[in-house]
Amino acid sequence: YHSDTFTQMDHAITPGATKNISSRGTKGYYRDHSLRVRSTQPIVGNSYADANGSCSSPLIPVAFQKTKFALNVQAQWVAFASTNEGTITAYEPTADGLAWEAPRTYNLTRNGANNNTPTKAYEDGVKFRAGTIFEGDVPFQAWYEPRNDTNAADNDETLMFGWD
């Protein structure tokens with residue numbers, strides 16, 4: 001299920017085999033539509049090569065979605081996906097770290113009526129500082145890409161670890 005309501009059904013995969021699922025929408029830097037994969041057997045999923053490298057980041061089981069995430073380094077972009085509709089609020093520290101910028105909100109809105117269709121939000125117009133906290137009113141998952149090599153790997157998309 002893609003967040004643009006496109007659905008691919010009944011793809012049989014032999015155990016141990018690899019299946020590529022093409023992205024949809026604006027390609028690169030995690031701007032693509034979010035994706036939900038359902039299976040009758042255990043599976044592993046990875047996204048890879050966001051357009052400026054050959055890095056990879058795992059897909060997350062629905063049960064691992066959380067309501068709070070934080071950046072440990074400055075981010076070039078952030079992407080959010082959920083199985084629910086809701087709102088995410090970003091709290092970014094000021095440059096001196098002594099206060100907070102005005103909060104920003106991101107809406108996770110479902111396209112269509114199918115409850116299996118995931119929601120998504122994306123931001124690349126703001127270079128979020130380390131210490132930015134993202135809080136959702138529903139569980140979600142977050143990915144980001146470090147802006148430089150300071151305490152991170154520039155252009156290495158990765159997932160954020162969250163908590164409730």
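Calculation notes
- Residues numbered from 1 in each chain as written.
- Predicted model: local features only at pLDDT ≥ 70, side-chain atom pairs only at ≥ 80, totals over all residues.
- Heavy atoms only, no water.
- Helix = DSSP H or I, 4+ residues; strand = E, 2+ residues; numbered from the N terminus.
- Buried < 20%, exposed > 50% of the residue type's maximum accessible area, 1.4 Å probe, protein only.
- Contact = heavy atoms within 4.5 Å.
- Phe/Tyr/Trp six-rings, centres within 6.5 Å; stacked < 30°, edge-to-face > 60°.
- Patch = residues over 30% accessible without salt bridge, like charges linked within 9 Å, V, L, I, M, F, W, Y side chains within 5 Å.
- Areas by Shrake-Rupley, 256 points an atom, 1.4 Å probe, with all protein chains shown as cover.
- Salt bridge = Lys/Arg side-chain N within 4 Å of Asp/Glu carboxyl O.
- Lys, Arg positive; Asp, Glu negative; His and termini not counted.
- Polar contact = N/O pair within 3.5 Å; in protein donor to acceptor, adjacent residues only side chain to side chain.
- pLDDT = per-residue confidence, 0-100.

Caption draft 1: Broad picture of the overall build of the chain. A count of helical and extended segments in the chain gives zero helices and ten strands. Its helices and strands taken in sequence order, the chain reads β-β-β-β-β-β-β-β-β-β from the N to the C terminus. Sorting the 164 residues of the chain into buried and exposed places 35% on the buried side. A separation of at least 24 residues holds for 68% of the contacts in the chain among residues at least 6 apart in sequence.

Caption draft 2: Looking closely at the packing of aromatic side chains. Applying the stated criterion across every chain yields a total of six aromatic pairs. Aromatic side chains Phe69 and Phe140 sit 4.8 Å apart centroid to centroid with 50° between the ring planes, which places their arrangement in the tilted category. Of the two residues, Phe69 is situated in strand 3 (residues 66-70) and Phe140 in strand 8 (residues 133-146); the sequence distance between them amounts to 71 residues. Phe140 carries the same exposure label as Phe69, and that label is buried. Seen from their ring centres, Phe128 and Phe134 are 5.3 Å apart, and the 80° between their planes marks the pair as edge-to-face.

Caption draft 3: Spotlight on a nonpolar patch on the surface. Residues Ile21, Leu35, Val37, Ile43 and Leu59 make up a contiguous nonpolar surface patch of roughly 380 Å² in combined accessible area. Checked against the element boundaries, Ile21 lands in the segment before strand 1 (46-48).

Caption draft 4: Layout of the side chain of Arg110. If you trace the backbone, Arg110 turns up in the loop between strand 6 (104-108) and strand 7 (119-123). Nearest to the buried, unbridged Arg110 among oppositely charged side chains is Glu85, at 4.8 Å. Looking at Arg110, its side chain comes within polar contact range of the main-chain oxygen of Thr83, at 3.0 Å. Setting aside anything within four residues of it in sequence, one finds Arg110 in contact with Thr83, Asn84, Glu85, Asn115, Thr117, Pro118 and Thr119.

Caption draft 5: The pattern of salt bridges, seen in detail. Tallying each qualifying case throughout the model produces four salt bridges. Among the ionic pairs, Glu92 bridges to Arg104, the shortest N-O distance being 3.0 Å. Pair noted here: Glu92 is in the loop between strand 5 (86-91) and strand 6 and Arg104 is in strand 6, with a separation of twelve residues, a long-range link. By relative accessible area, Glu92 is classed as buried at 3%. A salt bridge links Arg129 to Glu92; its shortest N-O distance comes to 3.8 Å. Of this pair, Arg129 sits in the loop between strand 7 and strand 8 while Glu92 sits in the loop between strand 5 and strand 6; the two residues are 37 residues apart in sequence, bridging distant segments of the chain. A cluster of three or more residues bridged by salt bridges with shared partners is formed by Glu92, Glu101, Arg104 and Arg129.

Caption draft 6: Broad picture of the confidence of the model for the chain. Scored by pLDDT, the chain comes out at a mean of 83, with 81% of its residues at no less than 70. The least confident element of the chain, judged by mean pLDDT, is strand 1 at 71; the most confident is strand 5 at 98.

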